[in-house]
Amino acid sequence: MEEQGNKDLIREEIYSRVIRAGKRTYFFDVKATRSGEQYLTITESKRRFNNEQGKFYYEKHKLFLYKEDFEKFSKGLSEVIEFIETGKKAPEPEPEPKPEPEPKPEKTTVKTESVSSVEFEDLGDPEETKDE
């Protein structure tokens, strides 16, 4: 069991960067899924004071960013930062094409015969059929 814990610990600590920014601290941590795919967690940590307990605690917010989204995230972040710094809006991105729907299987036609209405009394007494 201890070996598995060590394996998980190693897997979790691929790379980390800490950025201190005033009252906030940001953690950029590279982690990996069990299948080895790397992803990024961005954690914002703020030191807060709990008046009821008279103690400090850390409020944390996490964002998980997966490899397939890095380019879009990076581009969007760059555009927003550019807007804040210059006031210039980036051109609206082209809408992504919707994925093609799965082809529907062909319908199978089942031939059925019509059934007329049957009353339970028409079925007869089950005891009578046992004797025959």
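Residues numbered from 1 in each chain as written. Predicted model: local features only at pLDDT ≥ 70, side-chain atom pairs only at ≥ 80, totals over all residues. Heavy atoms only, no water.

## Some thoughts on the pairing of strand β3 (residues 38-50)
If a strand is regular, its side chains alternate between the two faces of the sheet.
Stage number 1. Of the strand pairs in this sheet, strand β2 (residues 24-32) and β3 are connected by 9 bridges, and their pairing is antiparallel. When the sheet's bridge partners are listed, F28 is paired in β3 with I42.
Stage number 2. Remark: 5 residues form the turn of the hairpin made by β2 and β3, two consecutive strands paired antiparallel; G36 in that turn has positive phi of roughly 95°.
Stage number 3. With 12 bridges joining them, β3 and strand β4 (residues 55-66) adopt antiparallel strand pairing. By the bridge assignment for β4, L40 is matched with L65.
Stage number 4. Where β3 folds back on β4, the antiparallel hairpin that results is connected by 4 residues, among which G54 adopts a positive phi of roughly 70°. (Pairing = 2+ DSSP bridges. Helix = DSSP H or I, 4+ residues; strand = E, 2+ residues; numbered from the N terminus.)

## Quick look at the pattern of salt bridges
Stage number 1. Tallying each qualifying case throughout the model produces 3 salt bridges.
Stage number 2. Residue R24 is joined to E44 by a salt bridge in which the shortest nitrogen-to-oxygen separation is 2.7 Å. Of this pair, R24 sits in strand β2 while E44 sits in strand β3; the two residues are 20 residues apart in sequence, bridging distant segments of the chain.
Stage number 3. Taking the relative accessible area as the measure of exposure, E44 reaches 18% and is therefore buried.
Stage number 4. With a closest N to O distance of 3.8 Å, E59 and R48 form a salt bridge. Placement of the pair is E59 in strand β4 and R48 in strand β3, with a sequence separation of 11 residues.
Stage number 5. Overall, the relative accessible area of 25% leaves E59 in the partly exposed class. (Salt bridge = Lys/Arg side-chain N within 4 Å of Asp/Glu carboxyl O. Buried < 20%, exposed > 50% of the residue type's maximum accessible area, 1.4 Å probe, protein only.)

## Things to note about the sheet that holds β3
Stage number 1. Here 4 strands make up an open sheet; going across it, the order is β1-β2-β3-β4 and the pairing antiparallel. Looking at which strands have only one partner, the edges of the open sheet turn out to be β1 (15-21) and β4. Ignoring strand direction, the axes of neighbouring strands in this sheet form an average angle of 20°.
Stage number 2. Its contacts with the sheet place helix α2 (residues 70-86) against β3 and β4, and it is angled at close to 115° to β4. (Axes fitted to C-alpha atoms, helices over the stretch in contact; angles between N-to-C directions. Contact = heavy atoms within 4.5 Å.)

## Considering the layout of surface pockets
A probe as big as a water molecule, rolled over the atoms, marks out the empty space that is left.
Stage number 1. There is about 190 Å³ of room inside the largest pocket.
Stage number 2. If you trace the largest pocket, you find it lined by E71, K72, K75, G76, E79, P91, P93, E94 and E96.
Stage number 3. In terms of residue class, the lining of the largest pocket is made up of 2 nonpolar, 1 polar and 6 charged. (1 Å grid on protein atoms, 1.4 Å probe; cavity = no way out; pocket = protein on both sides within 12 Å on 5 of 7 lines; lining within 4 Å. Points joined across faces, edges and corners; volume = space filled by probe spheres on them. Nonpolar A, V, L, I, M, F, W, Y, C, P; charged D, E, K, R; others polar.)

## Side note on the pairing of β1
Stage number 1. Pairing between β1 and β2: 7 bridges, direction antiparallel. Across the sheet, the residue bridging to Y15 is V30, located in β2.
Stage number 2. Two successive antiparallel strands, β1 and β2, enclose a turn made up of 2 residues, where G22 displays a positive phi of approximately 65°.

## A word on the environment of T41
Stage number 1. Structurally, T41 can be placed in strand β3.
Stage number 2. Separated by 25 residues in sequence, T41 and S16 place their C-alpha atoms 9.5 Å apart.

## Remarks on the packing of aromatic side chains
Stage number 1. One pass over the full model with this rule turns up 3 aromatic pairs.
Stage number 2. Measuring from ring centre to ring centre gives 6.2 Å for Y39 and F64, while their planes differ by 35°; the resulting arrangement is tilted. Of this pair, Y39 sits in strand β3 while F64 is found in strand β4, placing the two residues 25 residues apart along the sequence.
Stage number 3. Residue F64 is classed as partly exposed on the basis of its relative accessible area, which comes to 42%. (Phe/Tyr/Trp six-rings, centres within 6.5 Å; stacked < 30°, edge-to-face > 60°.)

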